[in-house]
Every structure is written in structure tokens, then in C-alpha cells.
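Architecture at a glance
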Amino acid sequence: MGKIKRIRTLSQTASLIIINLGFLGIFFKHITGPVFNCYACPWASISCPIGLLQNFVMTGQVPTYVLGTMGAVFVFVGSAFCGWVCPFGFFQDIIDFIKSIFKKKNKKQKKVTLRSKSKDISLITRFIVLIATLVLAIRFVDTIFCKLCPIGTIEATFPYQLTNGFSYNIWLGARVVILIVLVIMFFIVSRFWCRYLCPIGALSGPSNKISLLKLFHSGENCGNCNICKDVCPLDIEVTKDPNSTRCTRCADCVDKCPKGHLGFGLDIFGLVTPLDIEVTKDPNSTRCTRCADCVDKCPKGHLGFGLDIFGLVTVSPFSKKTKKTTEKKLVTPLSEGIPETETPKVEGEVFTDEETDVLDEFKYREKGTLVERPTYMGFKKGERIYLPYDEIKKLGVRPPKASLSNLLKQEQDGTLSEDYIDQELEENKILEKLNEIPKSLPKEEMDKQHFEKFRAPRRTELHFDHLRYLSELDVPIDIKTIANNSSEIPAVLMALVDASNKISFEYINTMDKRAGWYYQDNLPSIYINEKYYNSSISEDELIYKIKIERYILENVSLAIDYAKCLGCNPQSCKKACNIFKKIPILEEGYGIYPLKNIGCNLCGKCIVECDRGGVSFIFGDKLVTDTNFSIEGIKKNHEIISSIYPENVVLFLEKNKKHSNRALNYTVALSYLSHGKLSYQLVDAEKNQEAILKRNISAIPCFWVSSNSQISGMISEAAVLAFVRKIWKWKG
Amino acid sequence: MKIISIIAFVLAFVLLISGIYGLSIGPLVIEGGQQAKSNQIGSYICLSCVGLTGNTVSHTLTDDTLNRLARIDYPVKIWVFTSTDCPTCPDAKAIILNFTVENPNITYEEIKLESQPQFFDTYAVSELPTVILFNKDGNVLMKNNFVYKIIGIDNFQEKLIEAVETVG
């Protein structure tokens, strides 16, 4: 609860007591105010304007006194009484408060959003209620509105029934039903009465446009964060229409605006505006009140007061001494704790030394030895026979690289490699099977048709090192395969999946609705951690990809800037991802969650779904904040990005650097928006100097695709988009 | 927009002053202006106007009431507070009249807001209709150190006969 809201609640409580001072015997019922307070309440000390209006209309008079009282208030403060005094408004605020508690408890993010798609009918409906009230009063010469009034039910009927015993008549039933319906509506739509029904609001609403008190919005540099709209109980687009006819002047938006761009000021026929001084241009403005708020807020300490004695300017005593970075509050899972995951040790010990393993292989790969290895001929689509893990462990063998005829030749020559330990056992079987083949077949055909049969039991045995690696894997890897039928799934992949508990596998048929999201030009397409797998389907390549993913998951952390979550009603992060449901949303500070601990696989959906830039990823273990981070430009071009062709990107980054983190976030967003077609790999630049020198990289961070197409230095959104356009045109 | 603001200012204060000083527009002119009238409307709550009590009540007394009424042998004085624009006050008055017809020990007096407003303050009456009772010595009937009041028209007969019995 902000400062202004606290004052407002006090004001509402105080005025509720003041206008109900009857318990002290104080009555000033000749006074009326533009507030909704039933005069029939035994303690009510002022009278109700709507009741008086009806009464004077019934006697055939123009209600000059009531209209005059209301008008005198409205021309000064507009509808401020609705937000700060009115007891019925207070009642609705209390219901909103209860609703917010309920929401926090159940973690529901439902909010009925009445966006301004259709025309704003709220003023019209309020006028209909007002006119209906007056017409009914004239027609029936009776106060029909008072008999149905909901505040009357609360303030008069219930006390009367309690003190004088229960009695029933048709009006009582009707008004109780109306109150119940309204309370239900208050729970669905906040300030429903003020918005659509209040007859006083029909008169006070238009007065916002002409009153002395007005809401001002300095439109420059407004980031369109829409916090004001989310906070507003009446869903007004404050930046577009600050003096809306619906506004109750509750000042919640002023309270919550993070940049202080909103404020109330007096508009005495255009003479006085609020103190919206451009301090940098005119520091000694005639309107300045020397409040020193600007000095307080300036992050760099560039403002300060000083004495100017004939040019001898003294130094400001208010210069900034402490850096703001020291005030950053770090909320780690250690202190808050996410359910269902173990809380890790903080301070750098989270990350293992596994990175050297991957990077050694990276260097190894640079030399070209691994790349030149032939892919397995035997891995034809559709075969899913493989040995169980225990048997493979005993054998410790890997499948043959050469064709069968070559192997046989090698065996005859005695030059068969040592990998085939159990060759003797298999030899007889192979010979038996060879005899089954008709001799009329040519040699090549024979290889094609019968190779599979011979190799079947051994085909998907993984290398012992790989098996060990997979069995020790401790990060979640998510593999998805999109194929026309399940028999098309590569057998190596199935062997990989079975070798580890941490790999979750999912087969998606092309006819499935979900398959539309994925790239389907080369079936079967494999997605590892929601990134398209663009290499050959071989054991080594797949293991290398898994190592890359593991390196990413172990070194990247999720960072949440809770200051940006303030007043976020849609909470699209929680809708997008189940992991976010476990993460507590706090009011201030930063949360850092290593991806490994929260079981995230860095699909990047959250970063795209968050409209406020509160979610980002950081490479390294320290909190490096980036206040101006935004991926709006990338989001706007999502159509182009979604139609690119698959591409691999190598990101050369430094740990704990702002621009490296920014490059990482751009790439993550691009990867998600391209439906995973842009897959990436992280390389720590500090530990891989050789690789950098080899690739002619001039600056870090570097977004490397080939030596001709790389973005190095400070990677901007525009540069990334230019790259996307480039690869979009390559083949498209 | 500025012109509209000025017009609104002028109009609002003209209306307010005319309301306070009785420059009222309409067929019925009230002395002292609408402010005084609003004081009257606000101070004494017409219970049926705000839908707290029923509009239609039968005036005939039930057998039970008649039996209980016949046993009353001590003088009881009833005061009923009414107003000219109160819709249910005539009903209350008619029932009290029936009481007096059945038993001559019971007498009643009508206190009108327009003619005798001082009694309203004396007995702290703020709702219409309200009934209070006196015994033969002229002492008002009390209950828990408060004036015993019958407020509203709901179950009026039953409440009144009970009050009359407690006077004795």
C-alpha cells in the first residue's frame, strides 16, 4: 500500500465517522454533500443528495440547493469526493482489498479486463440511472430509488431490522437481492457501482473535465509501462485520458507510477500548471519550491544546492555519496525457497567445473577431428531395438562405422579394430545370416537390405563414455521429435533417452495441433530444449548438443526485477510457465534463480511474454542489472523472425557483464520467437582465447554465425534484427 | 473549455445561494428556502419512503387484540408523532383511533412536525411514525432507561397492545 493510498484510507475512515456522527447526537442534516450516505441511517448526520433531489422534484420544484451544493464541490475538486469521502466507494475499496488478499492466497491471475474495444458507455448508463430516478419520482410521487438503494440496505435496513425486529415487505426483498447482486458484481468488476450505476457519478463525472483540480501527465519519456492502467480500479487509460469522466480521483496511479510522471495540480483557467519543471534546462525556475526532490532522485548526483555569493559558488552538500547498487536487495532461493526444489548454496558454488569439459571438446572440435567422423550408416529410421543399459555396460562397445562387407573383409585380414570385443560371438551368427541371403543379389543390394538385420542387436549401443556421461547427467533435458509416425524416430535418440533419467522425451505427430509450432521441413525434426537440432543425427553430435545445453543450464540464471512486477495484474509469466507459479513475486529487490535449481530449460517464453521487461537471464553468478533492457523491437518483428531458416549461433560472452547479458537475452528471445529455429551455444570468452583468435572476433560479446556474419561489440536490438533480415533472405 | 469552467462556477454558486436564500423555482414556495426544507426532510426519516416499513396495513383489530384490550382498566395516553408528507402515519393514526373506540381508558394525541417540532427534540424522535405512551401520572413509559418507542408500521397492533399492557 502506497503512501497516498494510506492517506486516502485514513480520509475515507475519518469521513465515514464524520458523516455518521449521529451517535453523539450531532446532526447537521440541512447540509448535503455529493456522497452516497443514506440519511435513514440512525447515525447519519448529513442528508443524501439523491434523496433530496427526488423530494424536491416530487414537490415540483427545481432542486437549486442540492444542485448548487454539488456543483460548488464539483467545480473545485471534480469527483474527488467519490474516491476520498464516499462511504459506498469505501465499501467497494474494502471489497477490492479482500479480493487482493484472496488473489494472493490462491494465486489467481484472473482479472476482468474491460478494455476499451467498444465505446465507453459508463457515463451513459449512469445518466440513465439518474434520469430514471427522477422520472420515477415524478411519475409515482414516491422515492422509488431510495427503496432499492444498496447503501440504504447496508446503513438503514440492517440496523432497523436489528433494533426493531424482523419484518418483511416486497421492497425489502428487492433491495436485499439488489445488494447481493451488486456485491457479487463488485467482486468481479472493481468499483462496479461507481463505474456504471452511480447517479451522483453522472453529475460528478463530467465535472472532471472542468474542475480546478486536474490530473496531469508529462508525456515525455513515458515508457508505456501501463502500470497506471493496471492499478486503476476503473481501468482508465490514464496516459491517454487523465481526466476521464469515470475517474474517482483516488490517486492510485499517482502513487504507483514508478517514474513520477503523474500528478495532481490546479488548473485555474490555464494559469497554473503543476510543478513540472525541466530542471536541467531551468534549474532556478520561478515556479520551483526548492523541495529538493530532484536532488534526491538524481542517480548520478548531478544536481545540488549551493550558495552563489557573487560568483563564488560553493559545492553542494547534498552530493551523492553512496552508490545505489549497494542498496540492491538480492533475493535468492536460499532465503525464499522454492517448493519442490532443493535450496542450493549461494555465492558461486552453485556452478560446477563441468564447463571445462565442454570447452575442451570445443577446442577439440575446432581441430576437425570429431567433425570428420562418418555418421552411422546403420541408423535407419524406424528401428528401435537396442540392448538394455546393464548389458551395454558389461560390453562397453560402440556400433560399427564401416559397412558390413568392409567389416567382413577386415575380419578376414585380421585388421578389425579393438572396439569389437565380442566379434567372436557374433561371427557365427553373421555367417549364418549371410548364408540365408540369395546369391543372385548384387553385393550393394545385399548390403542395403540385410545390413540392418545383422546389426540389429548392436545398432544402438552407445559408447561407454557417453553412457556414463548420460547416467551422471543432472540437468533436465527436454527432447521433442516431430515425425509422421512413431517409427520414424531415430533409434540413437531413443537410446540416448533411455540412458538417462533426466532426459524427457516426447513424440509429436505432425497431425497434432502442437506440431504447428515446430519446424517441419526436414522430418523428423528434433528439438532439444525447444531449440531445433540442425546437425546430423549421430551419437557424437547429439551428445555434443546435450553438453552444450548442459553448459547453458548450469551457467545461466533467471533474474527477476521485482520492482517491475509492481501492480502487474495480467501476470503473463505465470500463465506462460509453470515454473513461475512456484516463484514468489515480491514487492522489491531482485530475484536470482539458477536455471538448474528451478528446473528451467530456457525456452525463453517468459522473456517474451513479460510486457514490462522484468524477466531476464544473466550469464554468470553475480547480479548485473540492466535498467534499460527492452526487447520491444524484437517482439514487433516476430513475424519475420518466425519465418527464418534454421541457423546455429555461437555466442562469445563474458561472465557478469551487462552487454553480454543483453546479447544473451536478445538471443533467447530470438530463439523463442523463431520457434527454436535459431539455436545457440554459449562460449565463455575468457577461457577460450584460442577459439576467439581463430575466428577473427574483434570484440566481446560476439554473436557469431560465420566469419562473414558476426555482430561483435555492443549488440543492439537493431543489429540483431538486421542479422535476422539477412538470414531471412538467404533462402526465403 | 475555459469558458465552460467559468459558466459552471457561476451557475453552481448561483444555484447554491438561491437554494439557501429561498429563491426557489417551482409552484410551491417554501419560506426559508430549500436549505430549511432539506433540514426537515433529512432530520425526520420517513420510514416507508426509504422502504423500511410496509405501505399497506389493515386497520381492523384482531380478536386477540380486542380480548387483551378489554382487560385494560387503567388510563393510558398515547402520543403519535406524524407529519403531513408521511405516507404511513394515517395508518398508525387509524389503528390508535380504533383502540380508543374499543376502550375509553385509552386516549391519544397527535404531535405534528409542522406545528409542534419541540416535542421531537424532547423525546429524541427521528423516525416517522413513532408512538410513545404515558401513564395516569403523566410519566412517559421507559424501558432500560430509554423512552419506549414504537417505530414504524410493521406489526403495529401487536407492538402497541404489548406496550399498553406494560404501562399497567
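Predicted model, so just to flag it, every value in this text is computed and none were measured.

1. Section: the overall build of chain B
If you tally the helices and strands in chain B, you get 6 helices and 8 strands. Scanning chain B from its N terminus toward the C terminus, one meets helices and strands in the order α-α-β-α-β-α-β-α-β-β-β-β-β-α. Counting the 168 residues in chain B, one finds 35% classified as buried. Sequence-distant contacts, at least 24 apart, represent 69% of the contacts inside chain B between residues at least 6 apart.

2. Concerning the overall build of chain A
The secondary structure content of chain A amounts to 32 helices and 16 strands. The burial tally for chain A puts 36% of its 732 residues in the buried class. Restricting to contacts in chain A with at least 6 residues of sequence separation, those with at least 24 account for 74%.

3. Quick notes on the pairing of strand S13 (residues 647–653) of chain A
Put simply, side chains in a regular strand alternate between the two faces of the sheet. All names here are of chain A. Of all 7 residues making up S13, 5 are buried, and the element is well covered by its neighbours. Handedness of the crossover joining S13 and strand S14 (residues 678–684) through helix H30 (residues 658–673) is recorded here as right-handed. Of the pairings in the sheet, the one linking S13 to strand S15 (residues 702–704) comprises 3 bridges and is antiparallel in character. What sits directly across from Leu651, in S15, is Phe703.

4. Description of unusual backbone geometry
The residue after Ile700(A), namely Pro701(A), is reached through a cis peptide bond having omega 0 degrees. Relative to the helices and strands, Pro701(A) resides in the loop between helix H31 (689–694) and S15. A cis amide bond, omega -10 degrees, links Leu128(B) with the succeeding residue Pro129(B). Here Pro129(B) lies in the loop between strand S4 (127–128) and strand S5 (130–134). Despite not being glycine, Asn656(A) shows a phi value in the positive range, around 60 degrees. For Asn656(A), the position within the fold is in the loop between S13 and H30. On the basis of neighbour count, Asn656(A) is assigned to the partly exposed category, with 14 C-beta atoms found within 10 Å.

5. Re the sheet that holds strand S9 (residues 531–532) of chain A
Residue and element names in this part refer to chain A. Pairing is mixed across the open sheet formed by 4 strands, whose spatial order is S7-S6-S8-S9. Pairing within the sheet leaves two strands with one partner each, and these edge strands are strand S7 (503–509) and S9. Direction of pairing for strand S6 (residues 477–483) relative to strand S8 (residues 525–528): antiparallel, over a ladder of 4 bridges. Residue pairing for S8: Ile482 is matched across the bridge by Ser525.

6. Some words on the packing of helix H3 (residues 63–70) of chain B against helix H6 (residues 156–167) of chain B
All names here are of chain B. At a minimum axis distance of 11 Å, the contact between H3 and H6 shows a crossing angle of 15 degrees. Comparing the axis directions of H3 and H6 gives the class roughly parallel. For the element pair H3 and H6, the recorded crossing hand is left-handed. Where H3 abuts H6, its residues Thr65, Arg68 and Leu69 lie against Gln157, Ile161 and Glu165. Of the residues belonging to the contact of H3 with H6, the class tally is 2 nonpolar, 2 polar and 2 charged.

7. Considerations on the interface of chain B and chain A
On the chain A side, the residues contacting the 39 residues of chain B number 38 residues. Going through the elements one at a time, helix H1 (2–20) and helix H2 (33–43) of chain B are the ones with two or more residues in the side of chain B that touches chain A. Top contributing element to the side of chain B that touches chain A by residue count: H1(B), with 13 residues.

8. A word on helix H22 (residues 491–499) of chain A
Those residues of H22(A) that fall on the buried side of the exposure criterion are Ala491(A), Val492(A), Leu493(A), Ala495(A) and Leu496(A). Buried residues belonging to H22(A) abut helix H21 (464–471), S6, S7, S8 and helix H23 (539–555) of chain A.

9. So, the packing of helix H2 (residues 49–58) of chain A against helix H6 (residues 122–140) of chain A
All names here are of chain A. As a packed pair, H2 and H6 sit with axes 8 Å apart at the nearest point and diverge in direction by 40 degrees. The orientation of H2 relative to H6 falls into the category oblique. As H2 runs across H6, the sense of the crossing is right-handed. Contacts between H2 and H6 involve Ile50, Leu53, Gln54, Val57 and Met58 from the first element and Thr133, Leu134, Ala137 and Ile138 from the second. In terms of residue class, the contact of H2 with H6 is made up of 7 nonpolar, 2 polar and no charged.

10. Some points on the sheet that holds strand S8 (residues 150–151) of chain B
All names here are of chain B. Taking strand neighbours across the sheet as the criterion, the 4 strands line up as S3-S2-S5-S8 in an open arrangement whose pairing is mixed. Across the chains shown, the open sheet's two edge strands, defined by having one partner strand only, are strand S3 (106–112) and S8. For S5 and S8, the ladder comprises 2 bridges, and the chain directions are antiparallel. Residue pairing for S8: Val131 is matched across the bridge by Ile150.

11. Points about H6(A)
Residue and element names in this part refer to chain A. Look at H6: 27 Å from first C-alpha to last across 19 residues, which is about the 27 Å you get at 1.5 Å a residue. Listing the buried residues of H6 in full gives Ser122, Arg126, Leu130, Thr133 and Ala137. End-on, the buried residues of H6 take up no more than an arc of 80 degrees, which puts them together on one face. Seen from the open side of H6, the exposed residues pointing more than 90 degrees away from its buried face are Ile124, Ile131, Val135, Arg139 and Phe140.

12. Focus on the confidence of the model for chain A
Fine structural detail should not be taken from predicted coordinates in areas where pLDDT scores are low. Residues and elements named next belong to chain A. Looking at chain A, the pLDDT average stands at 75 and 73% of residues meet or exceed 70. Model confidence for chain A, summarised as mean pLDDT per element, is weakest for helix H17 (residues 389–395) at 39 and strongest for H6 at 91. Taken as a whole, residues 450–459 scores under 50 in pLDDT and shows 24 contacts with residues more than four places along the chain or in a different chain.

13. Concerning the environment of Asn501(A)
Residue and element names in this part refer to chain A. Structurally, Asn501 can be placed in the loop between H22 and S7. On the neighbour-count criterion, Asn501 (12 C-beta atoms within 10 Å) is exposed. Separated by 31 residues in the primary sequence, Asn501 and Leu470 place their C-alpha atoms 8.5 Å from one another.

14. Points about the environment of Gly201(A)
All names here are of chain A. By the element assignment, Gly201 lies in helix H11 (residues 199–207). Judged by the 30 C-beta atoms lying within 10 Å of it, Gly201 falls in the buried class. When the C-alpha positions of Gly201 and Thr245 are compared, they lie 8.6 Å apart, and in sequence the two are 44 residues distant.

15. A word on the confidence of the model for chain B
Residue and element names in this part refer to chain B. In this model, chain B carries an average pLDDT of 82, and 90% of its residues clear a pLDDT of 70 or more. Per-element confidence in chain B is highest for S5, whose mean pLDDT is 91, and lowest for H2, whose mean pLDDT is 72. In the model output, the complex is listed with pTM 0.51 alongside ipTM 0.79.

Here is what the cut-offs are and how they apply
Residues numbered from 1 in each chain as written. Chains lettered and ligands numbered in written order. Predicted model: local features only at pLDDT ≥ 70, side-chain atom pairs only at ≥ 80, totals over all residues. Helix = DSSP H or I, 4+ residues; strand = E, 2+ residues; numbered from the N terminus. Buried ≥ 20, exposed ≤ 12 C-beta atoms within 10 Å, placed from the backbone. Contact = placed C-beta atoms within 7 Å. Right-handed = clockwise from strand over helix to strand, strands pointing away. Pairing = 2+ DSSP bridges. Axes fitted to C-alpha atoms, helices over the stretch in contact; angles between N-to-C directions. Parallel < 35°, antiparallel > 145°, perpendicular 65-115°, else oblique. Left-handed = near helix turned anticlockwise from the far one by under 90°. Nonpolar A, V, L, I, M, F, W, Y, C, P; charged D, E, K, R; others polar. Expected span 1.5 Å × (residues − 1). Arc of directions from axis to C-beta. pLDDT = per-residue confidence, 0-100.

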